[in-house]
Amino acid sequence: METIRVDFNRPVPLGNEYEYIRQAIESGRISGDGGFTKKCHTFLESELGVNKALLTTSCTHALEMSAILLDIKPGDEVIIPDFTFVSTVNAFVLRGAKPIFLDVRADTLNLDESKLEAAITPRTKAIVPVHYAGVGCEMDSIMDIANRHHVAVVEDNAHGLFGKYKGKYLGTFGSLATQSFHETKNFSCGEGGALLINDPFLVERAEIIREKGTNRSRFFRGQVDKYTWVDIGSSYLPSDLLAAFLYAQFEQRERIQSHRKNVWDMYHAGLKDWAEKHGVQLPCIPEDREQAYHMFYMLLPTLDLRQRLIMHLRERGIYSVFHYLPLHLSDMGQGFGYKAGDCPVTERISDQLIRLPFYNDLTGSDQELVMDAIMEFKFQ
Ligand SMILES: *Cc1c(COP(=O)(O)O)cnc(C)c1O
């Protein structure tokens, strides 16, 4: 195996991570909903202006909670972009929903809102837009269609924390939104997530579902004198040790986001001419959007070139990766009756996409190594 010169991702403690974990242990409570979890909730609520934020064990679990909260049942349909992570769809299929895969736009790789209305039927229960690479979806159109048809919107905002659409934070449009703090995301605690609840009517039940179907949260607030089993649910609370690590990352919000902006800008400036010359598509950030600087991707002209570029970089110790495979062509997708040709844009871009190394202390000199290696790549 070649030695790694520039890895694709790595976890980076940036401030008080170790100190806060020590404090959590010394506080004598490291289960869920301790002091650091509350700090994380308050941080998300006040920074984003959401009604309620609840940490979860993952974004996957926040999506599963969303499906339970929306009472998704067998036979319901849920509209999901074809180009996303498995959990976006699996969380709803677990409740018996049938996934309706929508193709994505060729420019932002986000759900193609021009195809949305035609996909709605009387069985549609939810639309789950994913803000790919932290660049917002066309939220005006999506919310307008959803509201006219009385369909809930759950934003999968795993990539998009602190991104904005027309000046408003991503994750504040749908009734619900989900965040990920997996090690590959901008802010991380290894494995973790959050459910953002914009619809106040869903807050109390969300607390119950997250606490194994009990009214334990109300009990701890003194609102009931004993706690008991009142609904379905599961154990979706992360340990306060993870919240301690995460809160230390949150405290570095400005530093993390401004560093990531620099990384993104440097790739973009350095690769623009090369990309134009070789027919490589760089990310599209519409004027009215502020991206979250989650990743830097490129679309090579063909699958063969994409695979060769990944190998070319790997031979030089640089780790780049491709991303999602079209969900409709997976074993599960085909089981729902989908076939090749159903989502042509996703089928194409999934073959062409490459993601470059991107993490919270990636240096300018490492980025130079990546870009120099890219310049040496032979297209012929
Ligand atoms: C990372 C990711 C998830 C899953 O996040 P976990 O916290 O690992 O469960 C879901 N959706 C998208 C779009 C993601 O990128």
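Per chain, the residues get numbers from 1 upward, laid out in the order the sequence is written. Given that this is a predicted model, residues contribute local features only at a pLDDT of at least 70 and side-chain atom pairs are listed and counted only at 80 or more, while totals for whole chains, interfaces and linings are drawn from all residues. Hydrogens and water molecules were not included; the side-chain quantities draw on all heavy atoms of the structure.

## With respect to the environment of Glu 287
Phase 1 of the analysis: Mapped onto the elements of the fold, Glu 287 is located in the loop between helix 10 (253-278) and strand 10 (289-290).
Phase 2 of the analysis: Classification of residues uses two cut-offs on accessible area relative to the type maximum, computed with a 1.4 Å probe and protein chains only: under 20% is buried, over 50% is exposed, and between them is partly exposed. The exposure class assigned to Glu 287 is exposed, which follows from its relative accessible area of 86%.
Phase 3 of the analysis: A C-alpha to C-alpha distance of 13 Å links Glu 287 and Asp 107, two positions 180 residues apart in sequence. Each helix is a run of DSSP H or I of at least 4 residues and each strand a run of E of at least 2, with the numbering of both proceeding from the N terminus.

## Some details on the packing of aromatic side chains
Phase 1 of the analysis: Any Phe, Tyr or Trp ring, taking Trp's six-membered ring, that has another such ring centre within 6.5 Å forms a pair; planes under 30 degrees apart are called stacked, those over 60 apart edge-to-face, and the others tilted. Scanning all chains against the criterion turns up 22 aromatic pairs.
Phase 2 of the analysis: Ring centres of Phe 83 and Tyr 324 lie 5.3 Å apart, and the angle between their planes is 75 degrees; on these two criteria the pair is classed as edge-to-face. Pair noted here: Phe 83 is in the loop between strand 2 (77-81) and helix 4 (86-93) and Tyr 324 is in the loop between helix 11 (303-315) and helix 12 (331-335), with a separation of 241 residues, a long-range link. Comparing Phe 83 with Tyr 324 shows no difference in burial state: the two are buried.
Phase 3 of the analysis: Summarising the aromatic geometry, the rings of Phe 85 and Tyr 324 are spaced 6.5 Å apart at their centres and angled 50 degrees between planes, so their arrangement reads as tilted.

## Let's talk about the environment of Leu 303
Phase 1 of the analysis: Along the polypeptide, Leu 303 turns up in helix 11.
Phase 2 of the analysis: Look at Leu 303 and you get partly exposed, because its relative accessible area is 38%.
Phase 3 of the analysis: Leu 303 sits 46 residues away from Ile 349 along the chain, and the two C-alpha atoms are 9.0 Å apart.

## Remarks on the sheet that holds strand 10
Phase 1 of the analysis: At least two bridges found by DSSP between two strands are what make those strands a pair. Strand order across the open sheet formed by three strands is 7-6-10, with antiparallel pairing between neighbours. Edge positions in the open sheet fall to strand 7 (168-169) and strand 10, since each of these has one partner strand only.
Phase 2 of the analysis: Relative to strand 7, strand 6 (residues 164-165) is paired through two bridges, and the arrangement is antiparallel. Directly across from Lys 164, in strand 7, lies its bridge partner Tyr 169.

## With respect to helix 3 (residues 59-69)
Phase 1 of the analysis: Most of helix 3 is tucked away, with nine of its eleven residues classed as buried.
Phase 2 of the analysis: Taken together, the buried positions of helix 3 are occupied by Cys 59, Ala 62, Leu 63, Glu 64, Met 65, Ser 66, Ala 67, Ile 68 and Leu 69.
Phase 3 of the analysis: The contact criterion used throughout is that any non-hydrogen atoms of two residues lie within 4.5 Å. Against strand 1 (52-56), helix 4, strand 5 (152-156), strand 8 (176-180), strand 9 (193-197) and helix 7 (203-210) lie the buried residues of helix 3.
Phase 4 of the analysis: Structurally, the start of helix 3 carries an N-cap: the backbone nitrogen of Thr 60 is 3.4 Å from a side-chain oxygen of Ser 58. Any pair of N or O atoms that falls within 3.5 Å is considered a polar contact. Within protein, one atom must be able to donate a hydrogen and the other to accept it, and sequence-neighbouring residues count only if both atoms are side-chain atoms.

## Regarding the pairing of strand 5
Every regular strand shows the same layout, with side chains that alternate between the two sheet faces.
Phase 1 of the analysis: Where burial is concerned, most of strand 5 is hidden: five out of the five residues are buried.
Phase 2 of the analysis: What you see with strand 5 is no split at all: Ala 152, Val 154 and Asp 156 on one side and Val 153 and Glu 155 on the other are buried throughout.
Phase 3 of the analysis: Of the strand pairs in this sheet, strand 4 (residues 124-127) and strand 5 are connected by two bridges, and their pairing is parallel. By the bridge assignment for strand 5, Ala 126 is matched with Ala 152.
Phase 4 of the analysis: Following the chain from strand 4 across helix 6 (residues 139-148) to the adjacent parallel strand 5, one finds a crossover that is right-handed.
Phase 5 of the analysis: Bridge analysis of strand 5 against strand 8 gives three bridges, and the strand direction is parallel. Whether a crossover is right-handed comes down to one check: with the strands pointing away from the viewer, does the path from the first strand over the helix to the second run clockwise; if it does, it is right-handed.

## Some words on the domain arrangement of the protein
Phase 1 of the analysis: Reported domain spans reflect what an automatic or database domain assignment gives. The domain boundaries assigned to the protein delineate domain 1 (17-251) and domain 2 (253-376).
Phase 2 of the analysis: Placing a centre on the C-alpha atoms of domain 1 and another on those of domain 2 gives a separation of 25 Å.
Phase 3 of the analysis: Of the residues lining the interface, 46 residues belong to domain 1; the matching set on domain 2 comes to 37 residues.
Phase 4 of the analysis: Accessible area that two parts lose when put together, evaluated with a 1.4 Å probe and summed over both, is termed the buried area. Roughly 3,500 Å² is buried in total at the junction of domain 1 and domain 2, and carbon and sulfur atoms are behind 58% of that figure.
Phase 5 of the analysis: Considering only the surface of domain 1 that becomes buried against domain 2, Asp 82, Phe 83 and Asn 186 emerge as the three largest contributors, covering 18% of it.
Phase 6 of the analysis: Any Lys or Arg side-chain nitrogen found within 4 Å of a carboxyl oxygen on Asp or Glu counts as a salt bridge. Linking domain 1 with domain 2 are two salt bridges, by the criterion used here.
Phase 7 of the analysis: The partner of Arg 253 in a salt bridge is Glu 47, and the shortest N-O contact between them spans 2.5 Å.
Phase 8 of the analysis: In this structure, the connection of domain 1 to domain 2 is made through 24 residue pairs in polar contact (both at pLDDT 80 or more).
Phase 9 of the analysis: Elements supplying a minimum of two residues to the side of domain 1 that touches domain 2: helix 2 (35-48), helix 4, strand 3 (98-102), strand 6 and helix 9 (240-251).
Phase 10 of the analysis: A per-element tally of the side of domain 1 that touches domain 2 places strand 3 first, with five residues.
Phase 11 of the analysis: Throughout, the ten residues Ala, Val, Leu, Ile, Met, Phe, Trp, Tyr, Cys and Pro are labelled nonpolar, Asp, Glu, Lys and Arg are labelled charged, and all others, Gly among them, are labelled polar. Residues that form the side of domain 1 that touches domain 2 fall into these classes: 25 nonpolar, ten polar and eleven charged.

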